[in-house]
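Survey of secondary and tertiary structure
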Amino acid sequence: MNATEAWARLEPKLAYFRDRVRSLEYEPVRKNSFVAYTVERDSAYADQDGQRLLMMSGYSYLGLAGDERVVAAAKAALDLYGTGNHGVRALAGSTPLHEDLEAEVARFAGRERALVFGSGYAANVGTVGALVGPGDTVFIDKYDHASIVDGCKLSGATVTRFRHNDPGHLERRLAAAPDTGVRLVIVDSVYSMDGDIAPLVDLRKVCDAHNALLMVDEAHALGVIGATGKGIEEHFDYEVKVDVKLGTLSKAIPSMGGWVAGSADLIHHLKYAARPFLFSAALGPAQAAAALEALRILQREPQRVEFVQREAERFRGLLHAAGMSTVDSETAVVPIIAGSDTAAYDYATTCRKNGVIGLPVVTPAVPNDLARLRIAITAAHTTADIDFAADAFITSARECRII
Ligand SMILES: Cc1ncc(COP(=O)(O)O)c(C=O)c1O
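What counts and what doesn't
- Residues numbered from 1 in each chain as written.
- Predicted model: local features only at pLDDT ≥ 70, side-chain atom pairs only at ≥ 80, totals over all residues.
- Heavy atoms only, no water.
- UniProt positions renumbered as here; feature names shortened; annotations may be inferred.
- Pairing = 2+ DSSP bridges.
- Helix = DSSP H or I, 4+ residues; strand = E, 2+ residues; numbered from the N terminus.
- Axes fitted to C-alpha atoms, helices over the stretch in contact; angles between N-to-C directions.
- Contact = heavy atoms within 4.5 Å.

The name an unreviewed UniProt entry assigns to the chain is 8-amino-7-oxononanoate synthase, from the organism Streptomyces cirratus. Here is the UniProt Catalytic activity (unreviewed entry) comment for the chain, exactly as written: "6-carboxyhexanoyl-[ACP] + L-alanine + H(+) = (8S)-8-amino-7-oxononanoate + holo-[ACP] + CO2". What UniProt records for the chain under Cofactor (unreviewed entry) is the sentence "pyridoxal 5'-phosphate".

This is the structure we're talking about:
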C-alpha cells in the first residue's frame, strides 16, 4: 500500500470533525470555544482581547487557583524536586510528596488508603479496567462522565446503561442481567452538565439487593457538597457508604491529577492492575504539592464551601424570579438552557457583550435542543459579582428571546 492510499483510508475520520466543526465555524463559535483567557489571580475576572470579563464558567469552585499559599507550595516543590518525576510511580516517579498527598486524600475521604493518578480521566479509566473485565457487568447512569464510559469500553465488561438518576430503572437492569461475575454500578456524585446529585441512599439499597458494588465519581462534589465539602456521603449525612470513591484534583482542588480512595486491599490491587497508573508518568511535583496544600486549606476554611452553596442557591433564585429555568441544579453547577447549539453560541456572545463569560456546552456533550451555558459559582466570586452576573444573564436572555 502506498502512502497516499494509507492517508486516503484515514480521510473519512478526518472529514467528520473537519466538516462538523467547520459548519459551526462562524464568529460566535470562534469567540467561545478554545479561547485563550488571561485569568486574574486574585479575582474571578479574565481578560480576553483587552476586554475584562467576569468568568462564570470556571471549575475552581473554592477560588484557590491563585491562592498565595497554594502557589508557594508549588514553587517550593519546584525548587526541591524540579519540574518532573522522570518515571512512573512504580519506578523512579514517587516522591515523599505523593505519599503525603495520598495519606491526606485517604484521611479526607475517610478511607484506609488512596492512590493518585496523572488525571481524573486516567483514574476512571484505570479503576474501571482494574475492577471489571470480560464476564463482569458494569451499570452506568446515562449521564456518567466520558472517562467512565471509556473505562467501561476498554475493560471488555458488558456495559448496561440506566436512565439518569433513576434507581428503579437500575433495579430492573440488575434484575434482568445474569447474576454472575463482578457487578459494578458507577454514578457521578454531581452531574457536571446539570448540577444535580445522585440519589445515593436509594442506589445503595438497589446495589445491596442485587450483589453490586457502588462506585462514585466525586469530581464536582469534592469541596462543593456536604456541609464541609466532603462530597456525597456527607451530603446524605453518612447514612450510607460507597465501595469505591474517586475524584479529580483539577476542579475545587486547583491542580491536576485524579484520586481513588478505599480499603488497603483495593488500593493495593489498583497499584498493580490500573494500567494508567502503572504505565504513565507520575504527577509532577509542583502539581502534587499544590493539591496537597489546597486540600489542607479546604479543611481549615469550610467557609469557602458554605459561601459557594449559599451563593449558588441565591443565584438560582435570581434567575427563577426572572422566569428562567435552571433545570434540576442543586449545586454550584447551574445550567442555563438556550436550545439549539446555535442559540447557545449566540446567547454566550450576548452575555460577553454584557460583561460575563458563560461558556456554551453543545451536542454531543448534551442532548439535542438542550444546548446550554454551563455556569459555575465559586468562592472567587463576591456577592456583588453574583448579582452582576445574574443581571447580565437575565438581560442577555431577554435580548436573545430565551425568556
Ligand atoms: C465527572 C468528571 N469525572 C472525571 C473528569 C476528568 O477529570 P480530569 O479533567 O482531572 O482528567 C471530569 C472532567 O471534566 C469530570 O467532569
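Below, the discussion takes up the sheet that holds strand 11 (residues 333-339). Spatial strand order, 11-14-13: three strands in an open sheet with antiparallel pairing. Strands at the two margins of the open sheet, each flanked by one partner only, are strand 11 and strand 13 (359-361). Recorded for the sheet is a direction-independent mean angle of 35° between the axes of neighbouring strands. Where strand 13 and strand 14 (residues 371-376) come together, three bridges link them in antiparallel fashion.

With that settled, the discussion passes to the sheet that holds strand 9 (residues 244-248). As summarised here, the arrangement of the seven strands in space is 4-10-9-8-7-5-6, forming an open sheet in which the pairing is mixed. Of all strands in the sheet, those with a lone pairing partner are strand 4 (113-117) and strand 6 (158-162), marking the two edges. With strand direction ignored, the average angle separating the axes of adjacent strands in the sheet is 20°. Where strand 8 (residues 213-217) and strand 9 come together, three bridges link them in parallel fashion. By the bridge assignment, Asp217 is partnered in strand 9 with Leu246. Contacting strand 4, strand 9 and strand 10 (258-262), helix 10 (residues 264-273) crosses the sheet at an angle of about 140° to strand 10.

A few words on the pairing of strand 2 (residues 45-48). Where strand 1 (residues 38-39) lies against strand 2, two bridges are found, and the strand directions are antiparallel. Bridged to Val39 within strand 2 is Ala46. Hairpin remark: strand 1 followed by strand 2, antiparallel, with five residues in the connecting loop. Here strand 2 runs beside strand 3 (residues 51-55); their pairing, made up of four bridges, is antiparallel.

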